[in-house]
Amino acid sequence: MHNPYCEGIDGVLKAYESSLQRVRLDGPTNFAPIINHVAKFAEKQHGSGSCYFILLILTDGVISDMEATKAAIVKAAGLPMSIIIVGIGTADFTAMTVLDADVIRLESNGKYAERDIVQFVPFHDFVSNSRGHAAVVGSAQLARCVLAEVPDQFLQYMNAHAIEPKSSFAS
């Protein structure tokens, strides 16, 4: 996909379908490169109030570049972006709770994140496995959990940078 921007759920679904045809799912599991890539787009919009970026990462593996990822998140925490990580499968996702700094603010090389921009959701919490068939239960709950922190993260960014809401209607 040459255009990295999505608008609305339909745009996200279209981007997902397009990426499935070009992406090969395999290890290692490195998050820092994609976080830094999206941060470049967010940096161009920093302070404008016109765009807010949400990076959705679906992962089935244990993160391989934890220190680089922590540094990328700390740097991105001052930008108009949020990161949602959905852990799929049976991997040990314990390290993700460090990135989802709900309890302890994320730190890298002595620098602390300006705000918590990561939400981690273990997909298996929303899957029922009966008779060998997995089925998503509570898809509304999954969506609610995945998006739970985004409104506060958005408002924290806007308030921290004194950005006033802009009307979407032409006067």
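Figured I'd write up the structure that's included with this text. (Residues numbered from 1 in each chain as written. Predicted model: local features only at pLDDT ≥ 70, side-chain atom pairs only at ≥ 80, totals over all residues. Heavy atoms only, no water.)

### Examining the overall build of the protein
No. 1: Summing up its helical and strand segments, the protein has six helices and seven strands in all.
No. 2: Along the protein, from the amino end to the carboxyl end, the secondary structure elements read α-α-β-α-β-α-β-β-β-β-β-α-α.
No. 3: Split into buried and exposed, the 171 residues of the protein put 36% on the buried side.
No. 4: If you take every contact in the protein between residues at least 6 apart in sequence, the share linking residues at least 24 apart comes to 76%.
No. 5: In the structure as shown, the protein presents an accessible area of about 11,100 Å², 56% of it carried by carbon and sulfur atoms. (Helix = DSSP H or I, 4+ residues; strand = E, 2+ residues; numbered from the N terminus. Buried < 20%, exposed > 50% of the residue type's maximum accessible area, 1.4 Å probe, protein only. Contact = heavy atoms within 4.5 Å. Areas by Shrake-Rupley, 256 points an atom, 1.4 Å probe, with all protein chains shown as cover.)

### Details of unusual backbone geometry
Negative phi is the rule for most residues except glycine; trans is the rule for most peptide bonds.
No. 1: Its identity as a non-glycine residue notwithstanding, Asn-109 has a phi of 50 degrees, on the positive side.
No. 2: Here Asn-109 shows up in the loop between β3 (107-108) and β4 (111-112).
No. 3: Look at Ala-162: it is not a glycine, yet its phi comes out positive at around 50 degrees.
No. 4: Relative to the helices and strands, Ala-162 resides in the segment after α6 (150-160).

### Details of the sheet that holds strand β2 (residues 81-87)
No. 1: Spatially, three strands are ordered β1-β2-β5 in an open sheet, and the strand pairing comes out parallel. Since the sheet does not close on itself, it has two edges, and those belong to β1 (53-59) and β5 (118-122), each with one partner. The average angle at which neighbouring strand axes cross in this sheet is 15 degrees, direction not considered.
No. 2: Of the strand pairs in this sheet, β1 and β2 are connected by seven bridges, and their pairing is parallel. Looking at the pairing, Leu-56 lines up with Ile-84 of β2.
No. 3: Here helix α2 (residues 32-45) sits on the sheet in contact with β1 and β2, set at roughly 170 degrees to β1. (Pairing = 2+ DSSP bridges. Axes fitted to C-alpha atoms, helices over the stretch in contact; angles between N-to-C directions.)

### Details of α2
No. 1: Over its 14 residues, α2 extends 20 Å from the first C-alpha to the last, a length consistent with the 20 Å expected when each residue adds 1.5 Å.
No. 2: When we look at burial in α2, the residues that qualify are Ala-32, Ile-35, Val-38, Ala-39, Ala-42 and Gln-45.
No. 3: Of the surrounding secondary structure, the elements contacted by the buried residues of α2 are β1, α3 (66-76) and β2.
No. 4: A positive backbone phi angle near 85 degrees is found at Gly-47, which sits one or two residues after α2. (Expected span 1.5 Å × (residues − 1).)

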